[in-house]
Amino acid sequence: MSVVVGVGAGRGVAAAEVLALVRRVLAVAGVGSACLAAVATLDARAREPGIAAAAEALGVPLLAYDADTLAAVDVPTPSGAALAAVGTPSVAEAAALAAAPGGELLVPKTKSVPDGGGAARATAAVARRRGPAAGTNEEKAP
């Protein structure tokens, strides 16, 4: 199985917070990091050092989508706050689904739990890609 994790985050989010969240949503989805094909986000957030560093630490590409592309994706938990802040009602779920065309959402938007408490600075969602991903060693079912 090949999955994509969509990540939404506030400016200045720490890589450790994003990494911990990605690992948590992968565990909730019941898949290991070997199944992770990419991290996806809003183009304006792809330049955030914390998100870029997390994708690099996971050894996967960081895919970026513009707000109009993400806004066109139907998601289960749209947010008025996200729409006001970045021009799309969803980043995490929409980015995951945009990077997994025809796939399905396995884990809906989930908030991070920062070390030491405080407000969540990131959200993540997991989408399963349809069929084996190109370039993987996944076998087709008989």
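Residues numbered from 1 in each chain as written. Predicted model: local features only at pLDDT ≥ 70, side-chain atom pairs only at ≥ 80, totals over all residues. Heavy atoms only, no water.

Overview of the pairing of strand S3 (residues 62–65)
And step 1. Sheet topology places strand S2 (residues 36–42) next to S3; four bridges connect them, and they run parallel. Paired with Val-39 across the two strands is Leu-62, which belongs to S3.
And step 2. Handedness of the crossover joining S2 and S3 through helix H2 (residues 49–58): right-handed. (Pairing = 2+ DSSP bridges. Helix = DSSP H or I, 4+ residues; strand = E, 2+ residues; numbered from the N terminus. Right-handed = clockwise from strand over helix to strand, strands pointing away.)

Some remarks on the side chain of Ser-90
And step 1. Topologically, Ser-90 is positioned in the loop between helix H4 (80–86) and helix H5 (92–98).
And step 2. A distance of 3.1 Å separates a polar side-chain atom of Ser-90 from the backbone nitrogen of Ala-94. (Polar contact = N/O pair within 3.5 Å; in protein donor to acceptor, adjacent residues only side chain to side chain.)

Some points on the nonpolar core
And step 1. In terms of nonpolar packing, the biggest core is built from 23 residues, with Val-5, Val-7, Val-18, Val-22 and Leu-36 touching the most fellow members.
And step 2. Contributing elements (two or more residues each) for this core: strand S1 (3–9), helix H1 (15–29), S2, H2 and strand S5 (122–128).
And step 3. With six residues, H1 is the largest single contributor of residues to this core.
And step 4. Grouped together as the second largest cluster of nonpolar side chains are 16 residues, Val-91, Ala-95, Ala-96 and Ala-100 included. (Core = buried A, V, L, I, M, F, W, Y, C linked by side-chain atoms within 4.5 Å. Buried < 20%, exposed > 50% of the residue type's maximum accessible area, 1.4 Å probe, protein only.)

Considering the pairing of S1
And step 1. Among the seven residues of S1, seven are classified as buried, and the element is accordingly described as predominantly covered.
And step 2. The two faces of S1 match: Val-3, Val-5, Val-7 and Ala-9 on one face and Val-4, Gly-6 and Gly-8 on the other face are all buried.
And step 3. Two strands pair when backbone bridges link them, and S1 and S2 are joined in this way by four bridges, in the parallel orientation. Note on S2: the bridge partner recorded for Val-4 is Ala-38.
And step 4. Of the crossover connections in this fold, the one passing from S1 over H1 to the parallel S2 is right-handed.

Brief notes about the environment of Gly-50
And step 1. Residue position: Gly-50 is located in helix H2.
And step 2. Taking C-alpha positions, Gly-50 is 3.8 Å from Ala-15, a pair spaced 35 residues apart along the chain.
And step 3. Not counting residues within four places of it along the chain, the set of residues in contact with Gly-50 comprises Val-13, Ala-14, Ala-15 and Val-18. (Contact = heavy atoms within 4.5 Å.)

Looking at the environment of Ala-125
And step 1. When you line up the elements, Ala-125 lands in strand S5.
And step 2. What makes Ala-125 buried here is its relative accessible area of 0%.
And step 3. Separated by 103 residues in sequence, Ala-125 and Val-22 have C-alpha atoms that sit 8.3 Å apart.
And step 4. Setting aside residues up to four positions removed in sequence, Ala-125 forms contacts with Val-4, Val-5, Gly-6, Ala-92, Glu-93, Ala-96, Leu-105, Val-107, Pro-108 and Lys-109.

Side note on the sheet that holds S5
And step 1. What the five strands build is an open sheet, ordered S3-S2-S1-S5-S4; its pairing is mixed. Only two strands of the sheet have a single neighbouring strand rather than two, namely S3 and strand S4 (104–111). For this sheet, the mean angle separating the axes of adjacent strands, direction not counted, is 25°.
And step 2. Against the sheet, H2 touches S1, S2 and S3, its axis set at about 175° to S2. (Axes fitted to C-alpha atoms, helices over the stretch in contact; angles between N-to-C directions.)

Structural notes on H1
And step 1. Its 15 residues place the ends of H1 21 Å apart at the C-alpha level, agreeing with the 21 Å of an ideal helix rising 1.5 Å per residue.
And step 2. Listing the buried residues of H1 in full gives Glu-17, Val-18, Leu-19, Leu-21, Val-22, Val-25 and Leu-26. (Expected span 1.5 Å × (residues − 1).)

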